[in-house]
Amino acid sequence: NRAITDQYEPGSVFKLITAGAALDLGLVEPDTLWYDSGVVNISGWSIFNWDSSANGLQTVTEILAKSLNTGAAWLAEQLGPDRFYEYVARFGFGKVTGAGLSGEVPGQVRTPENDPENWRPVDMATNSFGQGITATPLQMAMALATIANDGLAMKPHLVREIISPTGRQVIDPEPLGQVLSPETAHTLRQMMGVVADRIPTYLLDVQGYQVGGKTGTASIVTEDGGYEDESYISSFAGIAPLEDPVLAILVKLDEPQGVPWGTVVAAPSFGTIAQAVLGYMKIPPQESKLVSDLQ
């Protein structure tokens, strides 16, 4: 079951975790300004944006909308290692989800506590945008569902009830803890709405519903610890409908051919799935609503 056995570097989808932590602690607001010079220098290492851009004065919302690596590293710096990795753990990374499926792996999160000899400040910077850290697809989907669920993490499970000759055993939902405040989760969803609104409709258009999401394009790690050339994992993490979510969907594509960007290859699949499932669940279409107040 690749949803629980395949570890991968989630890439820019993980910026939701970094931004959520900074918002939840009151360190930033969606419109907090920050200057993007195009590079962040940490301990002799230089971190650039995915497109090598330098964008000048930007808001925290723009960090997600433009997927700025430098902005995610800046947010992590505001958090510091203790608080950053605390939220990473609270979201469920670095440990099994407890879904009850055999073969589940915990992923790998290197911190100053669990690997003091090898951890460096640049690790937190790259972790902030989903590199140098591994997760399973189920962990990433679980974190996404936590944001959709007003910040309350729930243990994932597949069985609603067990029916036997002796009766029925109902599997009750099991809360794992409040990761973000409901207010922070709502704010983060609105920012995800801005991200989705900026994707061209020919790539993402769930007719009748407003959705939120985040794209990701991550390099693939080689056996010697480097990265493969021109080989990527593309993803889109989305929720629908935006105002009252019932779906959290992670689309992950390994080594897509041609254009690798999550916006191009994963977002259309999310839209197709969400459109079909919302109809199947008989979720009524919403009135048109914009999230322009965050743009």
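Structure shown above.
Okay, so let's go over this structure. As the structure is a prediction and not an experimental result, all values here were calculated from the model.

**Side note on the nonpolar core**
Ranked by internal contacts, the top residues of the largest apolar core, which has 48 residues, are Phe-14, Leu-75, Phe-84, Phe-91, Phe-93, Met-140 and Leu-188. Listed by contribution, the elements that provide at least two residues to this core are helix 2 (15–24), helix 3 (60–65), helix 4 (69–90), helix 6 (137–148), helix 7 (182–197) and strand 10 (227–240). If you tally residues by element for this core, the top one is helix 4, at eight residues. Excluding residues that lie within four positions of it along the chain, Met-140 makes contacts with Tyr-8, Pro-10, Val-13, Phe-14, Ile-17, Phe-93 and Leu-250. By size, the runner-up hydrophobic cluster in this structure holds 17 residues, among which are Val-206, Leu-247, Val-251 and Ala-266.

**Quick look at the sheet that holds strand 10**
What the three strands build is an open sheet, ordered 9-10-11; its pairing is antiparallel. Taken across any chain shown, the strands that pair with only one partner, and hence form the sheet edges, are strand 9 (212–221) and strand 11 (247–254). For this sheet the average axis-to-axis angle between neighbouring strands, irrespective of direction, equals 15°. Along the sheet face, helix 7 touches strand 9 and strand 10 and points at about 75° away from the line of strand 9.

**Quick look at helix 6**
With twelve residues, helix 6 extends 16 Å from end C-alpha to end C-alpha; this agrees with the ideal 16 Å at 1.5 Å per step. Here helix 6 lies mainly inside the structure; ten of its twelve residues are buried. Looking one or two places after helix 6, you find Asp-150, whose phi comes out positive at around 55°.

**A short note on the packing of helix 2 against helix 4**
Closest axis-to-axis distance for the helix 2/helix 4 pair is 8 Å, and the angle between their directions is 80°. Between helix 2 and helix 4, the crossing angle belongs to the class labelled roughly perpendicular. Where helix 2 approaches helix 4, its residues Lys-15, Thr-18, Ala-19, Ala-21, Ala-22 and Asp-24 are matched on the opposing element by Asn-69, Ala-72, Leu-75, Ala-76, Leu-79, Phe-84, Tyr-87 and Arg-90. Each residue belonging to the contact of helix 2 with helix 4 can be placed in one class, and the counts come to nine nonpolar, two polar and three charged.

Cut-offs and rules
Residues numbered from 1 in each chain as written. Predicted model: local features only at pLDDT ≥ 70, side-chain atom pairs only at ≥ 80, totals over all residues. Heavy atoms only, no water. Core = buried A, V, L, I, M, F, W, Y, C linked by side-chain atoms within 4.5 Å. Buried < 20%, exposed > 50% of the residue type's maximum accessible area, 1.4 Å probe, protein only. Helix = DSSP H or I, 4+ residues; strand = E, 2+ residues; numbered from the N terminus. Contact = heavy atoms within 4.5 Å. Pairing = 2+ DSSP bridges. Axes fitted to C-alpha atoms, helices over the stretch in contact; angles between N-to-C directions. Expected span 1.5 Å × (residues − 1). Parallel < 35°, antiparallel > 145°, perpendicular 65-115°, else oblique. Nonpolar A, V, L, I, M, F, W, Y, C, P; charged D, E, K, R; others polar.

Shape descriptors only; they carry no functional weight alone.
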